[in-house]
Amino acid sequence: MAVKRDVVIVGSGHNALVAACYLARDGLDVEVVETDRVLGGAVSTVERWPGYAVDRGSSAHIMVRHTGIVEDLRLEECGLTYLDMDPWAFAPVGTGDEQQAITFHVDLDDTYDSIAAVCGHADAAAYLRFVGEWGARNEAVFAAFQDVPTPGRLGRHLWGAGKGTEVGGLEMSRQFLQPGDQLLDELFDDERLKTALSWLGSQSGPPMHEVATADLVGWNALMHTMPPGRAVGGSGALTAALAERLRRMGGVVRLGDGAAAITTDAHGVTGVLTESEEHLESRAVLAGCHVLTTLELLGDDKLLQRAKAVRVGNGIGMVVRLGTTGLPHYPGVSSAASYSPHSAMQLIATSRNHLRAAHGAFVAGRTPAEPPVLLMSFSAMDPTIAPPGRHNITLWAQWHPYQLATGEHWKDIREREADRIIAQVDKVAPGFSDTIEHRWVQTPLDLEEELGLRRGNVMHVEMGLDEMFAYRPLPELAGYRTPVRGLYLTGASTHPGGGVFGASGRTAARVMIAGRRRWR
């Protein structure tokens, strides 16, 4: 006997679970089906080694803290606690006794002092102006990110991005369309500050020398309003809290029995056939998995042919997870400092030429000889994720191609590439490698095999201008709807893109609720 639901949701990523909660709160009978036996997709945490709670994907949660979703769904009642990352970014510059550090605190005065000490007062003052201007602009961008990306709605949100400034509309559009590095060259003089901000901007994937990446730099201005957060217990604490909220509202999460097919008839979707061959009948299906996975489950040849236009890319980077006996020691941080760099995203890149060289190798299908690294050491904030006296470290590095042009295979070179990443940390934190007891390497191939991230792209689809807003993932699939009646999309493949955000899930739920009569 088939099970009947109002909505079946494919995948248990954070956007899918956010949508499930909002749909259930509106009184709908919701079931989430997941192939993996671990909840949460790329927002999940597992025990890799005894006593270590290690993230499988994301670690720092940035955008979701600005959405109000955590408060609206009262996730703190379901076990979610965030620790503020303050400082939220730390960039060691130089090595040995000559090392200095640029530190980005939530407090702007503290950030000013740090920049002034390394780069001078002119650049520090320019940074304050940058935060004021681009912070205000990104409040408008953020509103657009939390709505359906129709031209009218995007226009209403973005029209006010330049309010309160003397910048005209044409100049404003030029600034948004310029490369991030060009913006940095216009604003600042010191290459060390430009490098830190360029590496921060590159975390979405595109390098800052590409067109229309300026706002990936500008986005960081919002971190002085609400810092990134670390979920106590690991990144997966967010999806665990969402699943618990869903359970309390009567929803169901099914692990280890995902979708084998999205079923249809002449009128639209009829439900989901699970891998155990159980049919969950429903006139509405919300797919939170990769858009290409969704279309394969649907089996629509026309849509699959059209999906060749979706730009998945060739991966972005790779991860090394470590269990260590200590934290990285940066000579540029005084033992008397009033802050710890270990709460921050630690930006290990020597120059923008370092970033460009790594990306150049990536474009040629080679791995970077000296990969830039983003280090996170959250066990310094949250001792629950490592045994006593030990630390849990994540090293994210870019750029690493999924498909190699060298004839090599990732399974053969994974340890070599991990060694290269660790060596970059040793240059600015001497002796760090001596503290390593455990390591777990996630190449682009591993990210695909474990988390379903096509070609190792953690953003699902490229984050270039041609794949954003009403183009994401394709114009006819934007707006969370599809041409198939009753089939909706959410997740990183949809507007506003990747990262721990949740806005796609909430907006998709709103679209479904508004169109309920159509699919029922």
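In the block above lies the structure referred to throughout.
Rules used in this analysis
Residues numbered from 1 in each chain as written. Predicted model: local features only at pLDDT ≥ 70, side-chain atom pairs only at ≥ 80, totals over all residues. Heavy atoms only, no water. Helix = DSSP H or I, 4+ residues; strand = E, 2+ residues; numbered from the N terminus. Rg over C-alpha atoms; globule rule 2.2 N^0.38 Å. Buried < 20%, exposed > 50% of the residue type's maximum accessible area, 1.4 Å probe, protein only. Axes fitted to C-alpha atoms, helices over the stretch in contact; angles between N-to-C directions. Parallel < 35°, antiparallel > 145°, perpendicular 65-115°, else oblique. Left-handed = near helix turned anticlockwise from the far one by under 90°. Contact = heavy atoms within 4.5 Å. Nonpolar A, V, L, I, M, F, W, Y, C, P; charged D, E, K, R; others polar. Pairing = 2+ DSSP bridges. Core = buried A, V, L, I, M, F, W, Y, C linked by side-chain atoms within 4.5 Å.

Caption draft 1: Main features of the overall build of the chain. Looking only at helices and strands, the chain has 18 helices and 20 strands in total. In terms of overall dimensions, the chain is globule-like: its C-alpha atoms have a radius of gyration of 23 Å, near the 24 Å expected for 520 residues. Its C-alpha atoms give the chain principal-axis dimensions of roughly 70 × 55 × 50 Å. In the chain, which comprises 520 residues, the share counted as buried stands at 59%.

Caption draft 2: Summary view of the packing of helix H1 (residues 14–25) against helix H17 (residues 503–514). Two numbers describe how H1 lies on H17: the axes approach to 7 Å, and their chain directions differ by 40 degrees. Comparing the axis directions of H1 and H17 gives the class oblique. H1 and H17 meet at a crossing whose hand is right-handed. Residues Asn15, Val18, Ala19, Tyr22 and Leu23 of H1 form the contact with H17, whose own contacting residues are Ala503, Ser504, Gly505, Arg506, Ala509, Met512 and Ile513. Of the residues belonging to the contact of H1 with H17, the class tally is 8 nonpolar, 3 polar and 1 charged.

Caption draft 3: Quick peek at the sheet that holds strand E14 (residues 285–287). Strand order in this open sheet of 5 strands is E10-E3-E2-E14-E20, and the pairing throughout is parallel. Each having just a single partner strand, strand E10 (252–255) and strand E20 (487–489) make up the two edges of the open sheet. Each adjacent strand pair in this sheet contributes to an overall mean axis angle of 20 degrees, direction not counted. Pairing geometry for strand E3 (residues 30–34) and E10, over 4 bridges, is parallel. Bridge pairing links Glu31 to Val252 in E10.

Caption draft 4: Broad picture of the sheet that holds strand E12 (residues 268–274). What the 4 strands build is an open sheet, ordered E1-E13-E12-E11; its pairing is mixed. Taken across any chain shown, the strands that pair with only one partner, and hence form the sheet edges, are strand E1 (3–4) and strand E11 (259–265).

Caption draft 5: Spatial organisation of the packing of H1 against helix H11 (residues 236–248). The contact between H1 and H11 brings their axes to 9 Å, and the two run at 20 degrees. On the basis of their axis angle, the class for H1 and H11 is roughly parallel. The element H1 and its partner H11 pack so that their crossing is left-handed. Together, His14, Leu17, Val18, Ala20, Cys21 and Ala24 of H1 and Leu238, Thr239, Leu242, Arg245 and Leu246 of H11 make up the contact between the two elements. A breakdown of the residues in the contact of H1 with H11 according to their chemical character gives 8 nonpolar, 2 polar and 1 charged.

Caption draft 6: Representation of unusual backbone geometry. A cis amide bond links Asp86 with the next residue in sequence, Pro87, at an omega value of 5 degrees. By the secondary structure assignment, Pro87 is in the loop between strand E6 (82–84) and strand E7 (89–93). The residue after Arg472, namely Pro473, is reached through a cis peptide bond having omega -10 degrees. Structurally, the position occupied by Pro473 is in the loop between helix H16 (444–451) and E20. Even without being a glycine, Arg455 presents a positive backbone phi close to 55 degrees. Position of Arg455 relative to the elements: it lies in the loop between H16 and E20.

Caption draft 7: Here's a closer look at the nonpolar core. Grouped together as the largest cluster of nonpolar side chains are 59 residues, with contacts concentrated most on Trp88, Phe104, Tyr127, Leu197 and Trp219. The dominant element in this core, judged by the number of residues it contributes, is helix H5 (residues 121–145), at 9 residues. Counting 42 residues, the second-largest nonpolar core is a separate cluster that includes Tyr22, Val32, Leu75 and Trp519.

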